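Chain by chain, the residues:
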Amino acid sequence: MNPSLALQRFFLKNGMALGIFLLVAVAFWMFILIILPQLFMVDFSLSKNLPPAEIGGPKDVLTFEHYKFMLYGSAKEAGSFNTVDLGVFMRTLLAAFFVTIFDLVLCYPIAYYLAQVAHGGWGRLMVLSLIVPFWVNEILRAFAFRIMFGSAGVINTFLIWAGILDQPYDFIPNNVALYAGLGYAFILLMIFPLYNAIESLDKNQIEAARDMGASWLRIHWRVVIPFAKPGISSGCTMVFMLTAGALAAPQILGGPSSLWFTQIIYQWFNTGGNWPRGSAYAIILLVSTILIVLLVMKIFKVKLGEIAK
Amino acid sequence: MSADVELNDVWIKFGDFVAARDVNITIEGGEFFSFLGPSGCGKTTLLRAVSGFLEPSQGTIKIGGQNMAGIGPNKRPTALIFQNLALFPLMAVWENIAFALEVRGMGKAARRKKADELLELIALPGQGDKLVHELSGGQKQRVAIARALAAEPEVLLLDEPLSALDLKLRQHMRTELRAIQQRVGITFIYITHDQGEALTMSDQVAVMREGIIEQVGDGNNIYDHPATSFVASFVGENNLFRGRITGIDGDYAMVDTNVGPLKARMTKTNGEVPLKFNDDAFVFVRPESLKFANGVNYENTVRARIAHQEFEGHFWQVYLDVAQAEKRISMSLVNDGQELGHETGSEVTLGFTPDLAVALPEGPLAAGE
């Protein structure tokens, strides 16, 4: 259909006022809130870090120095890499990957139970108890984890009382608290896509497979999981992206010696006072996570459209 | 291999609700057995108990002589065909059919071969690589049958599998199902609310009402010798006259009804007639048993006025109002090329012989009576 005709029909269907509102709202959302800030970030990342007076002056030229810095650091000789930043970057992606897998393993049974097994009141109670903790602010939740995992926290107290430990375990320096906090932070974004996908599976298919002698493992492997694949991809994508980009949990729960890549970005923007470099790092994180997600989707043969379902 | 299925004193309760009440049935190996009843009569519940998806609250279910208590659906020699078929949409047709074999660890080549054989059996050769959604309704139906047969069950359970098909296809699939059953020779237990399906396909039919088995018999028996008023009113069309017994003469009852005295035969249970003097009784006469008297001296006659007539092709359906009974009755007359000979609105006398009417104790009727 040609665009002007489509536009005409759109206004005919929605009326002038609603039509204009819809177009303006979508345009505002797309351009002002998403595309424009990202373009600014790209622009920033390709500029030199100059004092305000020199911006727009002769020294303000296009540069890849911030991207190069991420790779090589300030060293001049070839073959020496910026091992600190690259190391943190790789560790962040790897940790985000494992947090995603952990969340998937944890949430699949819960989602399956809610979608196919639980009835009425009990199921609603479970959903409520999953949602209510997220009414608490993210930062407060992270602090709650810090208190729980502290050396005098509930968990250590319990383990010592139960006789499993004789002295408190250092959960925070060993990053246990960090991974637990990150794992919990985006759990709902894993459960709900899974729940939606599994819930639409016809119970009779599960029963049919069972009737033909299939074990529970095979029923999940051959019937439920293939059916829930779009939900699994959608949940994993969100958890991976958000975990890799999380800031509050690493700031509050991270051990003193461990950095999350977002903390480095934060430092460049904040204490480092180098916005262009922060922007470059942020773009690197964004592009890498998108590429990883696309790659994984390719491997598991999931189409982008299926995720949006 | 086909196995007997035995249900002994089976009760199934959900809280206060009784879905099956003291069911005692023996289904012979290799038989096509139907449970016929209106929706909500407990027939699907009974089937789920046979397949193992639920345990009876009381009583035993035996398949091939073996008590099935505590044996799950994946361990029973039964295969169930679901009302909505429940084919796996993400598997190819042949993978659907071979699923039970995959479960048993059969190699891929052998599975494929077996699936292709079954596709031959259901007259869909070469369709194995298609996806389920590429098939028509009747083809899906047959794939579901093949998938169930691949498990080589001793008993095949079918839960109204034809109900989603259109009329023509449904009639065709009746013949097909019966033919497949005779080819594979295993026990079929078929659930339906459609009496046409039950009567045409089955060796034996059990008519169910509110969890109770009202009657078990072959199609002829159920249709011509209903044991209860429910069976008489649910299976086929029937005209009902209410009355009271004024006399018993062997297998025949004299019933004083509001259309006058009628004589009707009784269905014996355990050699006993079910009625005695002064009992409230129902007399049932099928539409095809009614004739225009046209001067012939029938033992039973009813005066009525023709309300309207419908030409159905191979027969005439005539609706008549009976003034004394304040009710409408119907009769079917075979189209033998002759005119009916009676105009709409005319008063006529209908006649029928006592052998074509059934007297039964007053009791529950099918919905709509």
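Residues numbered from 1 in each chain as written. Chains lettered and ligands numbered in written order. Predicted model: local features only at pLDDT ≥ 70, side-chain atom pairs only at ≥ 80, totals over all residues. Heavy atoms only, no water.

### Examining helix H6 (residues 167–184) of chain B
Residue and element names in this part refer to chain B.
Part 1 of the argument: Along its 18 residues, H6 runs 26 Å from first to last C-alpha, staying within 8% of the 26 Å computed at 1.5 Å per residue.
Part 2 of the argument: Along H6, the residues classified as buried are Arg170, Met173, Arg174, Glu176, Leu177, Arg178, Ile180 and Gln181.
Part 3 of the argument: Directly after H6, the chain includes Gly185, whose backbone phi takes a positive value near 70°. (Helix = DSSP H or I, 4+ residues; strand = E, 2+ residues; numbered from the N terminus. Expected span 1.5 Å × (residues − 1). Buried < 20%, exposed > 50% of the residue type's maximum accessible area, 1.4 Å probe, protein only.)

### Some thoughts on the packing of aromatic side chains
Part 1 of the argument: Under the counting rule described, the total for this entry stands at 22 aromatic pairs over all chains.
Part 2 of the argument: Here the guanidinium or amino end of Arg277 of chain A rests over the ring plane of Phe69 of chain A, the centre of that ring lying 3.7 Å away.
Part 3 of the argument: Residue placement shows Arg209 of chain B over the ring face of Phe230 of chain B; its charged tip is 5.9 Å from the ring centre. (Phe/Tyr/Trp six-rings, centres within 6.5 Å; stacked < 30°, edge-to-face > 60°. Lys NZ or Arg CZ within 6 Å of the ring centre and 35° of its normal.)

### Details of the environment of Val231 of chain B
Part 1 of the argument: By the secondary structure assignment, Val231 of chain B is in helix H9 (residues 229–234).
Part 2 of the argument: What Val231 of chain B contacts, discounting residues up to four positions off in sequence, is Val207, Glu214, Gln215, Ile222 and Pro226 of chain B. (Contact = heavy atoms within 4.5 Å.)

### Comments concerning unusual backbone geometry
All names here are of chain B.
Part 1 of the argument: The phi dihedral of Ala86 is positive, around 55°, even though this residue is not glycine.
Part 2 of the argument: Counting through the fold element by element, Ala86 comes out in the loop between strand E6 (78–81) and helix H2 (93–97).
Part 3 of the argument: Look at Ala86 and you get buried, because its relative accessible area is 2%.
Part 4 of the argument: Positive phi, close to 50°, is recorded for Glu152, a residue that is not glycine.

### Quick word on the sheet that holds strand E2 (residues 17–27) of chain B
Residue and element names in this part refer to chain B.
Part 1 of the argument: With respect to topology, four strands assemble into an open sheet ordered E2-E1-E4-E5, the strand pairing being antiparallel. Strand pairing shows two members of the sheet lacking a second neighbour, E2 and strand E5 (66–67), which therefore form its edges.
Part 2 of the argument: Where strand E4 (residues 58–63) meets E5, two bridges bridge the pair, whose relative direction is antiparallel. Residue Lys62 lies in a different strand from E5, and its bridge partner there is Asn67.
Part 3 of the argument: Strand contacts of helix H1 (residues 43–51): strand E1 (5–14), E2 and E4, with the helix running at about 120° to E1, the strand carrying the most contacts. (Pairing = 2+ DSSP bridges. Axes fitted to C-alpha atoms, helices over the stretch in contact; angles between N-to-C directions.)

### Quick notes on the packing of helix H4 (residues 83–117) of chain A against helix H8 (residues 176–185) of chain A
Residues and elements named next belong to chain A.
Part 1 of the argument: Between H4 and H8, the shortest axis-to-axis distance is 9 Å and the interhelical angle comes to 60°. Taken together, H4 and H8 sit at an angle that is classed as oblique. With respect to the hand of their crossing, H4 and H8 are arranged in right-handed fashion. Of the residues in H8, those in contact with Ala95, Val99 and Asp103 of H4 are Tyr179, Leu182 and Gly183.
Part 2 of the argument: Among the residues making up the contact of H4 with H8, the classes are represented as four nonpolar, one polar and one charged. (Parallel < 35°, antiparallel > 145°, perpendicular 65-115°, else oblique. Left-handed = near helix turned anticlockwise from the far one by under 90°. Nonpolar A, V, L, I, M, F, W, Y, C, P; charged D, E, K, R; others polar.)

### Overview of the state of the cysteines
Residues and elements named next belong to chain A.
Part 1 of the argument: Applying the stated criterion across every chain, the model contains zero disulfides over all chains.
Part 2 of the argument: No disulfide involves Cys236; its sulfur sits 9.4 Å from that of Cys107, the nearest cysteine.
Part 3 of the argument: Of the residues examined, Cys236 reaches a relative accessible area of 17% and is grouped as buried. (Disulfide = S-S within 2.5 Å.)

### A few points about the pattern of salt bridges
Part 1 of the argument: Under the criterion given, the structure shown has 24 salt bridges over all chains.
Part 2 of the argument: Here Glu102 of chain B and Arg222 of chain A are joined by a salt bridge, their closest N and O atoms 2.7 Å apart. With Glu102 of chain B in helix H3 (residues 99–103) and Arg222 of chain A in helix H11 (residues 216–244), this residue pair bridges two chains.
Part 3 of the argument: According to the relative accessible area criterion, Glu102 of chain B is buried, its value standing at 10%. (Salt bridge = Lys/Arg side-chain N within 4 Å of Asp/Glu carboxyl O.)

Keep in mind these values describe shape, not function.
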